[in-house]
Amino acid sequence: MTSSGPAPSSLLVHHLQPVLFRIGQSSGQSACWLRHLLSFWIWISLQIVQVSASHQHFHPHSIKIPGDITLGGLFPIHARGPHGLPCGELKKEKGIHRMEAMLYALDQINSDTELLPNITLGARILDTCSRDTYALEQSLTFVQALIQKDTSDIRCSNGEPPLIRKPERVVGVIGASASSVSIMVANILRLFEIPQVSYASTAPELSDNNRYDFFSRVVPPDSYQAQTMLDIVKALGWNYVSTLASEGSYGESGVEAFMQISREAGGVCIAQSVKIPREPTAGEFDKIVNRLMETSNARGVIIFANEDDIKRVLEAAKRANLTGHFLFVGSDSWGAKSSPITELEDVAEGAVTILPKRASIDGFDQYFLSRSLENNRRNIWFNEFWEDDFRCKLTRPGIKLDPDKKKCTGQEKIGRDSAYEQEGKVQFVIDAVYAVANALHSMQQDLCPGSSGVCGNMDPVEGRLLLEYIRTVNFNGSAGTTVLFNENGDAPGRYDIFQFQMTNHSHPGYHVIGQWTNNLRLNLEEMQWSGGDKSVPGSVCSFPCNPGERKKMVKGVPCCWHCELCDGYQYQVDEFNCETCPADMRPAPNRTTCRPTPIIKLEWNSPWALVPASLAMLGILATSAVVITFIRFHDTPIVRASGRELSYVLLTGIFLIYLITFLMIAEPGVFACAFRRLLLGLGMAITYSAMLTKTNRIYRIFEQGKRSVTPPKFISPTSQLIITFILSSVQVLGVFVWFAVVPPHTIIDYEELRPPNPDLARGILKCDMSDLSIICCLSYSIVLMVTCTVYAVKSRGVPETFNEAKPIGFTMYTTCIIWLAFVPIFFGTAQSTEKMFIQTATLTVSMSLSAFVSLGMLYMPKVYVIIFHPEKNVQKRKKSFKAVVQAAKMSGKQNGETKIEPDRSQ
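Residues numbered from 1 in each chain as written. Predicted model: local features only at pLDDT ≥ 70, side-chain atom pairs only at ≥ 80, totals over all residues. Heavy atoms only, no water.

(A) Summary view of the overall build of the protein chain. Within the protein chain, the secondary structure is distributed over 24 helices and 29 strands. Within the span of the protein chain, comprising 906 residues, buried residues form 52% of the whole. As displayed, the protein chain offers around 41800 Å² of accessible surface, 56% of which is attributable to carbon and sulfur atoms. (Helix = DSSP H or I, 4+ residues; strand = E, 2+ residues; numbered from the N terminus. Buried < 20%, exposed > 50% of the residue type's maximum accessible area, 1.4 Å probe, protein only. Areas by Shrake-Rupley, 256 points an atom, 1.4 Å probe, with all protein chains shown as cover.)

What follows is the structure in structure tokens.
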């Protein structure tokens, strides 16, 4: 048949689609006017179609099986045609196998004496050509008998009324296959209350009992399928996947169901959600693969697509050299089909697919393998199948045979001369037919008790009542599984899980690795991936963080995070948080917990201890030598002239200065800390108290001599000792007040040696003496030192042979220089990692140097004379105070040019 323009019914369908959509959104009385309008349009369309057919010898592409009750059938006998054509190439498996399954089921039912006895089921089977609009056009055939036609004004040429053949009444429809087709057809069938039972449509939206109340299906909806796929993704340890859907109800609703369930369950994030256009342009699939690679970590791809789109996706991945990269999880549209992966097995290897739990029906195999051109004339598409299956050409009258193709003999045999494998949905086609048959059987028993065949109560069959019977069926299907429906017309979810494997098997192909019936049972040991690898590849946004790293979540993507090291002195509390270790602890090497910080102290073998200790020991030996010398030559003039009593006190102070070095180095303890406090400033206080007493005595004597011949008070040895004792006792009193306020104790300082690298952190055991307390402890001695220096400056005019004013002056000048150098060194090391060691060494060395200066300038010359020049250690003649006065006056006038022999008897 040829035509110069589009079919009239096709034009009608174009206008019907928005009306059907509005009807699908409506229910009850609100849609009545739409139903009447639609009936009017359909009636007009059918009249046009009939007139057109009479002029053009129109023969609808359908199979008519006569019977007492007629069932409709919708099958994708052909693929979607190219632009401008409704139908394309023949679909052997999804089309012919499924359609023959309905014919087989009708044969079985009609030959069954117990099911629908004396009732023959007939059929009107149509080709949807895998296109929803074309299927809607074809399905208008099912509602012809339900439209009231007014023929009162129609007369034949002889004036007689026309004889119009009454079309068969379709009581139920088996189909369709694609969800988009079922949705389109369901909208019109519900208007005429014709129940519909699908064998393959799984779109979740068909579960809406308000919009698709006459629709049922023997396969579970994609919401179950989506749950199964989500459970598989979680079982494989994936949390970051992409989705790929063919445009249309099946693909889009399947992906939407998967995304909705994954959002509700949590733990899985969608990296990309890509849609394949209905009419893809050249290069479209290459763009899709490139887009999927934008999130290359999401290797898992959830795919709800028809087999043609699946094949082209695999081809694009192969062109992009991404074989083995993508890990496909395919829906039942992929299932266990070989056509999408032919010559693309290496790309598809490892793909996990699911199918509603099914079994191969042996009876159908025997039936189909026995089909031939002679015994299957009722199938108007069987000749086309024969040519395609055996790759030959049948001769037809008036058609010249193509010389490139062999001629079909008619003796070919399916399964012997061509490959055969039962299509996966055959079981469900048979179950769908049996579901309607069982419903009709129950209805017949209830409405026609005691009679066989179709009684008056069943003529016609009321669609809404039949729907109620369909929803209540419960029987063992062709595979032995129970066939039943829930309140939405959905079958329970039962899936087999397959994986396409190429190695370690005698034959490559799909292998069952698990099943799902409300929960997943997956055999991970049976799975293998690209190259035969047994380990499950990853499809995650972010890999697990290492120990000691916390997760910093990416905003809006709960499966993605950045790993941040718990730095510094932090450790990992949980996967999201780090906390700082307590002050006395530091993080373990893996930063998952804290460990005690090692405690150290100044050791004797440290250079910071050896140098000060060596100087102190040398100083003690030198001091001891001076003391021994003075004791040995106690009554010699030099010893007596130096002020024996005050010299011994001064030497005691020098000795204590050297001794404090060992206390500063010793291991801190309560007693060690107490003696540190006591002796740190006491030795210097005694030393400089004695020096201050001496310089003050000299200054007062000469100042008094300038004004009067009367000697000043408190210049006797006893007075000098008392003054020194009083000055020194101030230091002792301050220390004891300190003892009372803050008793001596040890502390462990964890802050002093806490560098950025916690492995180098140490706690320092030391006395509770801060830098400030050390300076305060020495402050009184510094005051004495400065005062003594002032008196030394004032006494610089005293004759150089008179007592020890000038040696004391030089001692104080040098000491001041030492302590001025000490201050920046002591405080300049506050940020050093070895602060305590440097400060301890600096303090002790400075004190030892001060003691060496005092000892060297005041006593070493005397010892030298006593030991090496005893002839100078003789008694000089005494000078009276009057002579001292005279010397003082002359010193003031001549600026020290007159040399007066001192009175060494004092």
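(B) Quick look at the pairing of strand β19 (residues 509-516). By the criterion of burial, β19 is predominantly enclosed, with 6 of the 8 residues buried. Of the strand pairs in this sheet, strand β18 (residues 495-501) and β19 are connected by 7 bridges, and their pairing is antiparallel. Bridge pairing in β19 places Q501 opposite G509. In this sheet, strand β20 (residues 520-522) lies alongside β19 in antiparallel orientation, the contact comprising 3 bridges. Residue pairing across strands places Q515 opposite R521, the latter belonging to β20. (Pairing = 2+ DSSP bridges.)

(C) Molecular detail of the state of the cysteines. Under the defined criterion, the tally for this structure stands at 9 disulfides. Disulfide pairing places C392 opposite C408 at an S-S distance of 1.8 Å. Looking down the S-S bond of the C392 and C408 bridge, the torsion is 95°, so its handedness is right-handed. A residue pair is termed long-range when its members are at least 10 positions apart, and C392 in strand β14 (residues 392-393) and C408 in the loop between β15 (406-407) and α13 (426-447) qualify at 16 residues. Each sulfur of the disulfide joining C673 and C767 lies 1.9 Å from the other. Linking C673 and C767, the disulfide has an S-S dihedral of approximately -90° and is accordingly described as left-handed. With C673 in helix α18 (residues 670-707) and C767 in strand β29 (residues 762-767), this pair connects stretches of sequence that are 94 residues apart. Exposure remark for C767: the relative accessible area of 3% places this residue in the buried category. Summary of cysteine pairing: C777 is not part of a disulfide, and the nearest cysteine sulfur, belonging to C776, is at 8.7 Å. Using a relative accessible area of 5% as the deciding quantity, one classes C777 as buried. (Disulfide = S-S within 2.5 Å.)

(D) Highlighting the sheet that holds β19. Pairing within the open sheet is mixed, and its 8 strands lie in the order β10-β9-β11-β12-β13-β18-β19-β20. Every interior strand has two partners, whereas the edge strands, β10 (269-276) and β20, have only one. Across this sheet, the average inter-strand angle for adjacent strands is 25°, counted without regard to direction. Pairing analysis gives 6 bridges linking strand β9 (residues 240-246) to β10, with the strands arranged parallel. By the bridge assignment, L244 is partnered in β10 with V274. On top of the sheet, helix α7 (residues 249-265) reaches β9, β10 and β11 (300-304); it is set at about 155° to β9, its chief contact. Its contacts with the sheet place helix α8 (residues 284-292) against β9, β10 and β11, and it is angled at close to 175° to β10. (Axes fitted to C-alpha atoms, helices over the stretch in contact; angles between N-to-C directions. Contact = heavy atoms within 4.5 Å.)

(E) Geometry of empty space enclosed by the protein. In total, this model carries 3 cavities of 30 Å³ or more according to the counting rule given. In this structure, the largest cavity encloses a volume near 150 Å³. The wall of the largest cavity is formed by 13 residues, among which A336, K337, Q422, E423 and G424 lie closest to the centre. In terms of residue class, the lining of the largest cavity is built from 3 nonpolar, 4 polar and 6 charged. Considered as a void within the structure, the second largest cavity measures approximately 110 Å³ in volume. The wall of the second largest cavity is formed by 14 residues, among which V218, F428, T481, T482 and R494 lie closest to the centre. Looking at the lining of the second largest cavity, the elements that each hand over two or more residues are α13 and β17 (482-483). Counting residues per element, the lining of the second largest cavity draws most heavily on α13, which supplies 3 residues. Grouping the amino acids of the lining of the second largest cavity by side-chain chemistry returns 8 nonpolar, 3 polar and 3 charged. (1 Å grid on protein atoms, 1.4 Å probe; cavity = no way out; pocket = protein on both sides within 12 Å on 5 of 7 lines; lining within 4 Å. Points joined across faces, edges and corners; volume = space filled by probe spheres on them. Nonpolar A, V, L, I, M, F, W, Y, C, P; charged D, E, K, R; others polar.)

(F) Geometry of the side chain of S262. Within the element layout of this structure, S262 appears in helix α7. Classification of S262 by relative accessible area gives buried; the value is 1%. Not counting chain neighbours up to four residues away, the residues in contact with S262 comprise L230, V268 and I270.

(G) Summary view of the nonpolar core. M102, L121, W386 and L440 are the most contacted members of the largest nonpolar core, which totals 67 residues. No other element matches α13, which puts 13 residues into this core. Apart from the residues lying within four places of it in its own chain, the contact partners of L121 are P66, G67, I69, L71, L106, I109, N110, L116, A437 and L440. By size, the runner-up hydrophobic cluster in this structure holds 66 residues, among which are Y658, C673, I808 and V863. (Core = buried A, V, L, I, M, F, W, Y, C linked by side-chain atoms within 4.5 Å.)

(H) Representation of helix α19 (residues 717-741). The end-to-end C-alpha distance of α19, which contains 25 residues, comes to 36 Å, matching closely the 36 Å that a straight helix rising 1.5 Å per residue would cover. Within α19, the full set of buried residues consists of S719, Q720, T724, S728, Q731, V735, W738 and F739. (Expected span 1.5 Å × (residues − 1).)

(I) View of the environment of S296. With respect to the helices, strands and loops of the structure, S296 is situated in the loop between α8 and β11. With relative accessibility at 32%, the residue S296 sits in the partly exposed group. Distance from S296 to S539, taken between C-alpha atoms, is 8.9 Å for residues 243 residues apart in sequence.

(J) Here's a closer look at the pairing of strand β13 (residues 352-356). Burial analysis of β13 places 5 of its 5 residues in the buried class, the great majority of the element. The sheet contact formed by strand β12 (residues 327-330) and β13 spans 2 bridges and is parallel. The residue of β13 that forms the bridge with V329 is V352. Pairing geometry for β13 and β18, over 5 bridges, is antiparallel. Residue pairing in the sheet places L355 in a bridge with D496 of β18.

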